[in-house]
Amino acid sequence: MAPPPPQQPKNRSRGPAATGGNGRPPRRMASRDAAERAAFFARREAAAVLRRVLRGDAARRSAGSIKSLVYSPTVRNKRATFALVCQTLKYLPILKEVLGSSGVLNSKWKKQEELVIVTAYDILFGQGIAVSGSAEELIMLHKDNLRRALERICAKRKVSSVEDLLGKETAVKPKPRFLRVNTLKTTTESVVEELSKIHMVNNDDMVPDMLVLPPGTDLHSHPLVTNGKVFLQGKASCMVAVALCPKPGWKVIDACAAPGNKTVHLAALMKGEGSIIACELNKERAKTLQHTVRRSGANNIQTVNGDFLDIDSNDPSYAEVRAILLDPSCSGSGISTERLDHLLPSHSRDDQDDASTSSRVMKLSAFQKKALSHALSFPSVERVVYSTCSIHQAENEDVVNAVLPLATSLGFELAPPFPAWRRRGLPIFEGSEHLLRTDPEDGLEGFFIALFVRKAAGGDVEPPNEDAVELGREEPNEGVAVEARRKQARRRRGGVWAFSSLRLSRMILCPDGGFW
């Protein structure tokens, strides 16, 4: 529970109460009080975010990026909170050493460690504004001891200033600000007209309803964003739903849906028709997913706080699932700069090892293979997109290559999403040219997309729709294969294909009886 607003300390002497001619405090005093109150609340919001960031980093199960946590609906002063969290993380090793050596973080304060750390940063290195609050009083009481501890650390390491103790800054190349127009609520033309009054706006040449604005454009508090008419979403992320290309009226599963940007993009592509089952195992992330769905205005999305792997693909209620988007948990190595992962304590540990072959990435890869095998096992599914925001081969090409025998046995082939896109998969197996990668060199995040399309009854991949080709994606011919698809599904359920999805997954995951 947040503490009450700070009151003016009774023992703080400011001299005689000054008033203006109308009996009110002078404007400068009122302004100072407002700044103190803002700092008080920003520290507590920053401490709450920092707690989630550090706990997720320690457990390697992030509840979200720093940005996504700060820009959640529960944080009011987003700009001040974001700056405080980032700067506190930057100084975190120094702050912990100073607080530890001075004995400030005793057992009494251990439960509020993050608040003490944030307050220590802000008073020692930041604004220096302190009002009555338990953490503020603690730091002010020990302020001189903390400064002496800093001087001892600098002397011990033979540096002249605290800044010399900090690691090198990670250079971030500015990228354009991409945003996706939510066509469930508005039109691209009206958004362009509105934003053109204050920004230079261009239409993206590949992703429909995507606009491009100059780097550094901040629209988080713009009404178009807050009311869900526009989503601040990267181009590479938007390419995922477009690659799946679900038709209006289809039944679709988003297997690992939170935070929900791709889910509501699917709803827009489907014009709000049909149905989407959006699964999310994590309870807190499921709440974020539900908020995103409400903001989008989509009414054809059913959110499920549960595990996609627990769904029985042969359950009759899923017999008409036509498309599945699988964007599972991954290392996030393709968006680590945007996520500000270089500020996290784990970043320095990862630098000591080859992150691409770390035990964490290998565990993620095993899970990804299992999830993709399960997605391919749904009897009537025609299109499956597997995507990650990772640059590691172990999470991308290796996963697809491992599952290809299962995919082939179920009648799937790899199809090229966005055929005109030049950057394709790493050439480690035949067919990898159908895979798609994006890279920071392209001015985008590092994403990976694989599109599996089930072959028609005649043995060929269903031909693309002409409109879809213009958008750089392939779309199935609706009328030709419907009856053949249903017959195929009935044959599979009737036992013509003897392997269950579990047994087939084991064939892929454990080809020689051991663990992959």
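Residues numbered from 1 in each chain as written. Predicted model: local features only at pLDDT ≥ 70, side-chain atom pairs only at ≥ 80, totals over all residues. Heavy atoms only, no water.

Peer 1: An account of the UniProt feature "active site" (unreviewed entry) in the protein chain is needed here, citing residue identities and associated values.
Peer 2: When the UniProt feature table is mapped to this numbering, "active site" (unreviewed entry) covers Cys 389. You can see Cys 389 is positioned in the loop between strand E9 (383-388) and helix H15 (397-409). In this structure, Cys 389 is in contact with Cys 330, Gly 332, Ser 333, Gly 334, Ile 335, Gly 446 and Phe 447, ignoring residues within four places of it in sequence. (UniProt positions renumbered as here; feature names shortened; annotations may be inferred. Helix = DSSP H or I, 4+ residues; strand = E, 2+ residues; numbered from the N terminus. Contact = heavy atoms within 4.5 Å.)

Peer 1: Account for the nonpolar core, naming residues and giving values.
Peer 2: Grouped together as the largest cluster of nonpolar side chains are 44 residues, with contacts concentrated most on Ile 66, Leu 89, Ile 94, Leu 99 and Val 116. Sorting the residues of this core by element identifies helix H1 (27-59), helix H2 (66-70), helix H3 (78-90), helix H4 (92-102), helix H5 (113-124), helix H6 (134-141) and helix H7 (143-156) as the ones contributing at least two each. Examining the composition of this core, we find that eight residues originate from one element, H5, more than from any other. Formed by 43 residues, the second largest nonpolar core is a distinct cluster that contains Phe 178, Met 239, Cys 389 and Phe 418. (Core = buried A, V, L, I, M, F, W, Y, C linked by side-chain atoms within 4.5 Å. Buried < 20%, exposed > 50% of the residue type's maximum accessible area, 1.4 Å probe, protein only.)

Peer 1: Describe helix H11 (residues 261-269), with residues and values.
Peer 2: Within H11, seven of the nine residues are buried, which leaves the element mostly enclosed by the surrounding structure. Residues of H11 that are buried include every one of Lys 262, Thr 263, Val 264, His 265, Leu 266, Ala 267 and Ala 268, and no others. Following H11 by one or two positions, Lys 271 has its phi on the positive side, about 55 degrees.

Peer 1: Lay out the packing of aromatic side chains with the relevant residues and their values.
Peer 2: As enumerated under the stated definition, the model contains seven aromatic pairs in all. Arranged with centres 5.4 Å apart and planes meeting at 45 degrees, the rings of Tyr 91 and Tyr 121 form a pair that is tilted. Residue Tyr 91 is located in the loop between H3 and H4, and its partner Tyr 121 is located in helix H5; the two are separated by 30 residues in the primary sequence. By the burial criterion, Tyr 91 is buried, and Tyr 121 matches it. Look at Phe 308 and Phe 378: their rings are 5.9 Å apart centre to centre, the planes differ by 10 degrees, and that puts the pair in the stacked class. Pair noted here: Phe 308 is in the loop between strand E7 (301-304) and strand E8 (321-326) and Phe 378 is in the loop between helix H14 (359-376) and E9, with a separation of 70 residues, a long-range link. Here Phe 308 falls in the buried class, since its relative accessible area comes to 3%. (Phe/Tyr/Trp six-rings, centres within 6.5 Å; stacked < 30°, edge-to-face > 60°.)

Peer 1: I'd like to hear about the environment of Met 200, residue by residue, with values.
Peer 2: By the element assignment, Met 200 lies in the loop between helix H8 (188-195) and strand E2 (202-203). Look at Met 200 and you get exposed, because its relative accessible area is 58%. The spatial distance from the C-alpha of Met 200 to the C-alpha of Pro 214 is 7.0 Å, given a sequence separation of 14 residues. The contacts of Met 200, once residues within four sequence positions are left out, are Val 212, Leu 213 and Pro 214.

Peer 1: Break down the side chain of His 265 for me, with residues and values.
Peer 2: Mapped onto the fold, His 265 is located in helix H11. Every residue in contact with His 265, bar those within four places of it in the chain, is listed here: Arg 180, Cys 238, Ala 241 and Val 242.

Peer 1: Give a description of the pattern of salt bridges that names residues and reports values.
Peer 2: Under the definition given, this model contains 17 salt bridges. Ionic pairing is found between Asp 204 and Lys 235, a salt bridge with its closest N-O pair at 3.0 Å. Of this pair, Asp 204 sits in the loop between E2 and strand E3 (210-213) while Lys 235 sits in helix H10 (residues 235-244), placing them 31 residues apart in sequence. Overall, Asp 204 belongs to the buried group, its relative accessible area being 13%. Given the relative accessible area of 7%, Lys 235 is considered buried. A salt bridge links Asp 442 to Arg 423; the nearest nitrogen and oxygen atoms lie 2.9 Å apart. (Salt bridge = Lys/Arg side-chain N within 4 Å of Asp/Glu carboxyl O.)

Peer 1: Lay out the sheet that holds strand E4 (residues 230-231) in plain terms, naming residues and giving numbers.
Peer 2: As summarised here, the arrangement of the four strands in space is E2-E3-E1-E4, forming an open sheet in which the pairing is antiparallel. With partners counted over all chains shown, the strands left at the sheet margins are E2 and E4, one partner each. As paired elements, strand E1 (residues 177-181) and E4 share two bridges and run antiparallel to each other. Across the sheet, the residue bridging to Arg 180 is Phe 231, located in E4. (Pairing = 2+ DSSP bridges.)

Peer 1: So, the pairing of strand E12 (residues 448-454): which residues are in play, and what are the values?
Peer 2: Taking burial as the measure, the seven residues of E12 include seven buried ones, the bulk of the element. Here E12 shows a buried face lined by Phe 448, Ala 450, Phe 452 and Arg 454 and a second buried face lined by Ile 449, Leu 451 and Val 453. Note: E9 against E12, six bridges, orientation antiparallel. By the bridge assignment, Thr 388 is partnered in E12 with Phe 448. Pairing of strand E10 (residues 412-415) with E12, which is carried by four bridges, proceeds in the antiparallel orientation. Paired with Glu 413 across the bridge in E12 is Val 453. Across two bridges, the pairing between strand E11 (residues 436-437) and E12 is antiparallel. Directly across from Arg 437, in E12, lies its bridge partner Phe 448.

Peer 1: Talk me through unusual backbone geometry; I want residue IDs and the actual numbers.
Peer 2: Note the cis peptide between Ala 258 and Pro 259, where omega equals 5 degrees. Within the fold, Pro 259 resides in the loop between strand E5 (251-254) and H11. Positioned with a positive phi, Lys 158 is a non-glycine residue whose angle comes to about 60 degrees. Tracing the chain through its elements places Lys 158 in the loop between H7 and E1. Lys 158 gets classed as exposed once you look at its relative accessible area, which sits at 77%. One non-glycine residue with positive phi stands out, namely Phe 418, at about 50 degrees.

Peer 1: How would you summarise the packing of H4 against H5 if you had to cite specific residues and measurements?
Peer 2: As a packed pair, H4 and H5 sit with axes 10 Å apart at the nearest point and diverge in direction by 105 degrees. As summarised for this structure, H4 and H5 are arranged roughly perpendicular, according to the angle between their axes. In contact with Leu 92, Leu 95, Lys 96 and Leu 99 of H4, H5 contributes Glu 113, Val 116, Ile 117, Ala 120 and Tyr 121. Here the contact of H4 with H5 is built from residues that sort into seven nonpolar, no polar and two charged. (Axes fitted to C-alpha atoms, helices over the stretch in contact; angles between N-to-C directions. Parallel < 35°, antiparallel > 145°, perpendicular 65-115°, else oblique. Nonpolar A, V, L, I, M, F, W, Y, C, P; charged D, E, K, R; others polar.)

Peer 1: Any details on the confidence of the model for the protein chain? Residues and values, ideally.
Peer 2: Predicted confidence across the protein chain gives a mean pLDDT of 80, with 74% of residues reaching 70 or more. In the model, residues 5-25 has pLDDT below 50 throughout and makes 20 contacts with residues more than four positions away in sequence or in other chains. For residues 463-483, every residue scores under 50 in pLDDT, and the model assigns this stretch 42 contacts once sequence neighbours within four places are set aside. (pLDDT = per-residue confidence, 0-100.)

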